[in-house]
Amino acid sequence: MITRWCLLWLAFPAWADEGVFDQYRDLMGDDNPAIFVIDEGEEFWYQSQGPSGATLEACDLGLGAGVTRGAYAQFPRYFADTDRVMDIETRLIHCMETLQGRDRTVTAAKPYSLRGDFGTELEALVTWLAAESEGVVIAPEQGHPKERAMYALGEEIFFYRAGPHDFSCATCHEQSDKRIRLQQLPNLTDHHDAADAYGSWPAYRMSQGLVRTMGWRLQDCFRQQRWPGLTFGSEVSIALQTYMAVNAAGGIMTAPGLKR
Amino acid sequence: MKTTLWKMTLLLGIGIAPTAVSEDLAAVIQASFSDRGQATLLRLEQDPLQQHCSQPRDQPVDDEIAMALRQQRLDAVVFPADGDFLGDWQRGATVAASGRGLQFNDDPSIANGGNCYACHQLAPSEVAYGTLGPSLTQYGLRGQSDAMLRYTWTKLWDTHAFNLCSHMPRFGAQKILDEQQLKDVMAFLLDPNSSVNQPTE
């Protein structure tokens, strides 16, 4: 029995490595440190802030004012009040501005924490809202022409090669069962992989001691692609999130995830 | 009309990129990024090769353009000035292991790495290797004939000269690595004493 395991280890070092990581995840069980961030996010939602002294309770995340359960799973989506397709992060900034009167040049100035920081308000809110969709089917809206255009744009960007290394998203994410160093890479053109990957963000990153959002993950991908800095809430960011969400549609939200 | 013009430009070998990619897409991309350190917006402008290789895999490719591009890349390969292809394999091992360089958070005054292990298995003693590219363990068994030296150099300099739209970066053509670093990586691959060419147990 032991010999057989050793052979497996030698034959499939990558699987073995994932096995160790899966074991670690099993050990952690429900003890994802993100639970503290979830609680914090819920507190932010009900906290009166800004010149208007309002909470975010009247924020419409697409399912009606104040409906949080299942809302995350339907982003990105079109909102008539802004005539734009928005991801959950930009929608929250919008609600902070319209409901609380807070200046978006301040609220969106530093959406993501740096290493060593405590998490930001936006990270906490997104983590709580993802938890409000845990177990919910991923079902981004694609009924509006602007939503479909956003998906088409996302697909074009996914394959767009540029920079000194000629990297696109597809360089790492259009093949199945590949890894970079020891890190498994999801094939984001494949429904199964896209559902597993998209549904697990936001996630607690053990190496950073922080919860990271999908928007942050995209910014870090482009850093590694040797591209310039991806702007928070930009069209490229929302288009790629739409591309992933639609490819993942039908999968189940498992976030907040627990990652390396 | 635009496509025909594009082809003619390419076939004439003039390196001007016309707008096969929609201008909207380029504008959206430009508007979504900002300069960060050494990574400026100029990096988002595609050269003809990047433009050609940005089609989703199920899109039909134009063979005429592909052949012309591949030949262009082959003709542009610069071989070592002194005719010596092989440097120091141990220095090459360091280049292969380093993943730093050209990211906006990297210090431009420090030498770039080749990050070979991100995608390839090389020395069998290194278990943290990626699988996006083929294993190159025991690569040196192929010998050091002039054909092998020129083939391997060309793959490192500009992979598209042989394999158009390969995922691999153009380490020489894009000046990611300098000539000496490329020679060192060559030795890392081909020197019989290199850790790449040691038995796998």
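Note that the coordinates shown come from a computational prediction; the quantities given were computed from them, not determined experimentally.

Enquirer: Just give me the short version of the overall build of chain B, but keep the residues and values in it.
Expert: Helix and strand counts for chain B stand at seven helices and one strand. When each of the 201 residues of chain B is scored for burial, the buried share is 35%. For chain B, restricting intrachain contacts to residue pairs at least 6 apart in sequence, the fraction spanning at least 24 positions comes to 58%.

Enquirer: Go over the overall build of chain A, please, and point to the residues and values.
Expert: The number of helices and strands found in chain A is 11 helices and eight strands. Put simply, chain A has 260 residues, and 46% of those count as buried. Put simply, 69% of the contacts in chain A that link residues at least 6 apart link residues at least 24 apart.

Enquirer: Describe the confidence of the model for chain B, listing the residues and the values that go with them.
Expert: All names here are of chain B. On average, residues of chain B score 89 in pLDDT, and 88% of them are at 70 or above. When the criterion is pLDDT under 50, residues 1-20 qualifies, and its contacts beyond four places in sequence or with other chains add up to 23 contacts. The complex prediction reports pTM at 0.89, with the ipTM value standing at 0.89.

Enquirer: Mind laying out the packing of helix H3 (residues 34-45) of chain A against helix H6 (residues 121-131) of chain A, listing which residues take part and the relevant values?
Expert: Residue and element names in this part refer to chain A. Running from amino to carboxyl end, H3 crosses H6 at an angle of 100 degrees, the nearest separation of the two axes being 7 Å. One finds that H3 runs roughly perpendicular with respect to H6. Where H3 abuts H6, its residues Ala34, Val37, Ile38, Glu40, Gly41, Glu42, Phe44 and Trp45 lie against Glu121, Glu123, Ala124, Leu125, Thr127, Trp128, Leu129 and Ala131. Partitioning the contact of H3 with H6 into residue classes produces 10 nonpolar, two polar and four charged.

Enquirer: Summarise the sheet that holds strand S6 (residues 210-212) of chain A; cite the residues concerned and give the values.
Expert: Residues and elements named next belong to chain A. Pairing is mixed in the open sheet, where three strands are placed in the order S6-S5-S8. Looking at the sheet topology across the chains shown, the edges are occupied by S6 and strand S8 (257-259). Mean inter-strand twist for the sheet, computed between neighbouring axes without regard to direction, equals 35 degrees. In this sheet, S8 lies alongside strand S5 (residues 203-205) in parallel orientation, the contact comprising three bridges. Pairing of Ala203 across the sheet is with Gly257, part of S8.

Enquirer: Let's hear about unusual backbone geometry: which residues, and what values?
Expert: All names here are of chain A. Residue Pro76 is reached from Phe75 by a cis peptide bond, and omega for that bond is -15 degrees. Trp201 connects to Pro202 through a cis peptide bond whose omega is 0 degrees. Here Pro202 lies in the loop between helix H9 (191-198) and S5. If you check the backbone angles, Asp166 has positive phi at about 60 degrees while not being a glycine.

Enquirer: Tell me about the interface of chain B and chain A, and please be specific about residues and values.
Expert: Accessible area lost on assembly of the parts is the figure often given for the size of an interface. At the junction of the two partners, chain B supplies 39 residues and chain A supplies 33 residues. Taken together, the elements giving at least two residues each to the side of chain B that touches chain A come down to helix H2 (23-31) and strand S1 (33-34) of chain B. Looking at the side of chain B that touches chain A, the element that brings in the most residues is H2 of chain B, giving four residues. Classifying every residue of the side of chain B that touches chain A by side-chain character gives 21 nonpolar, 13 polar and five charged.

Enquirer: So what's going on with the nonpolar core? Residues and values would help.
Expert: All names here are of chain A. Of all hydrophobic cores here, the largest spans 63 residues; its most connected members are Tyr72, Leu129, Ile157, Tyr198, Ala239, Leu240 and Met244. A per-element tally of this core places helix H11 (residues 235-248) first, with nine residues. Excluding its chain neighbours within four sequence positions, the residues that come into contact with Ala239 are Met150, Leu153, Gly154 and Ile157.

Enquirer: Quick rundown of helix H5 (residues 89-97) of chain B? Include the residues and the values.
Expert: Buried within H5 of chain B are the following residues: Trp89, Gly92, Ala93, Val95 and Ala96 of chain B. Down the axis, H5 of chain B shows its buried residues gathered within 165 degrees of arc, on one side only.

Enquirer: An account of the domain arrangement of chain B is needed here, citing residue identities and associated values.
Expert: Residues and elements named next belong to chain B. What the domain assignment reports for chain B is domain 1 (2-61) and domain 2 (89-197). Listed by partner, the interface residues are six residues for domain 1 and five residues for domain 2. When its residues are assigned to classes, the side of domain 1 that touches domain 2 shows three nonpolar, two polar and one charged.

Enquirer: Please set out the packing of helix H6 (residues 146-157) of chain B against helix H7 (residues 179-190) of chain B residue by residue, giving values where relevant.
Expert: Each pair of packed helices can be summarised by the angle the axes make with each other and by the distance between the axes. Residue and element names in this part refer to chain B. Where H6 meets H7, the axes come as close as 11 Å, and the angle between the chain directions of the two elements is 125 degrees. When the axes of H6 and H7 are compared, the pair comes out oblique. For the pair H6 and H7, the sense of crossing is right-handed. Listed contacts from H7 to Thr152, Trp153 and Leu156 of H6 are Leu182, Val185, Met186, Leu189 and Leu190.

Enquirer: Explain the environment of Pro111 of chain A to me, and be specific about the residues and the numbers.
Expert: In this structure, Pro111 of chain A sits in the loop between helix H5 (104-107) and H6. Aside from chain neighbours lying at most four places away, what touches Pro111 of chain A is Glu89, Thr120, Leu122, Gly215 and Phe232 of chain A.

Enquirer: Would you mind going over the confidence of the model for chain A in detail, with residue names and values included?
Expert: Averaged over all residues, the pLDDT of chain A equals 91, while 88% of them reach at least 70. Low pLDDT, under 50, characterises residues 1-17 of chain A; the predicted model gives this stretch six contacts beyond four residues in sequence or across chains.

Enquirer: Go over H3 of chain A, please, and point to the residues and values.
Expert: Given a rise of 1.5 Å per residue, 12 residues ought to cover 16 Å, and the 17 Å separating the end C-alpha atoms of H3 of chain A matches this to within 8%. Residues of H3 of chain A that are buried in the fold lie against H6, S5 and S6 of chain A.

Enquirer: Which residues make up the environment of Thr82 of chain A, and what values go with them?
Expert: Mapping Thr82 of chain A onto the fold places it in the loop between strand S1 (77-79) and strand S2 (84-86). Placed 129 residues apart in sequence, Thr82 of chain A and Val211 of chain A show a C-alpha to C-alpha distance of 28 Å.

Definitions and cut-offs
- Residues numbered from 1 in each chain as written.
- Chains lettered and ligands numbered in written order.
- Predicted model: local features only at pLDDT ≥ 70, side-chain atom pairs only at ≥ 80, totals over all residues.
- Helix = DSSP H or I, 4+ residues; strand = E, 2+ residues; numbered from the N terminus.
- Buried ≥ 20, exposed ≤ 12 C-beta atoms within 10 Å, placed from the backbone.
- Contact = placed C-beta atoms within 7 Å.
- pLDDT = per-residue confidence, 0-100.
- Axes fitted to C-alpha atoms, helices over the stretch in contact; angles between N-to-C directions.
- Parallel < 35°, antiparallel > 145°, perpendicular 65-115°, else oblique.
- Nonpolar A, V, L, I, M, F, W, Y, C, P; charged D, E, K, R; others polar.
- Pairing = 2+ DSSP bridges.
- Core = buried A, V, L, I, M, F, W, Y, C linked by C-beta atoms within 7 Å.
- Arc of directions from axis to C-beta.
- Domains from an automatic or database assignment.
- Left-handed = near helix turned anticlockwise from the far one by under 90°.
- Expected span 1.5 Å × (residues − 1).

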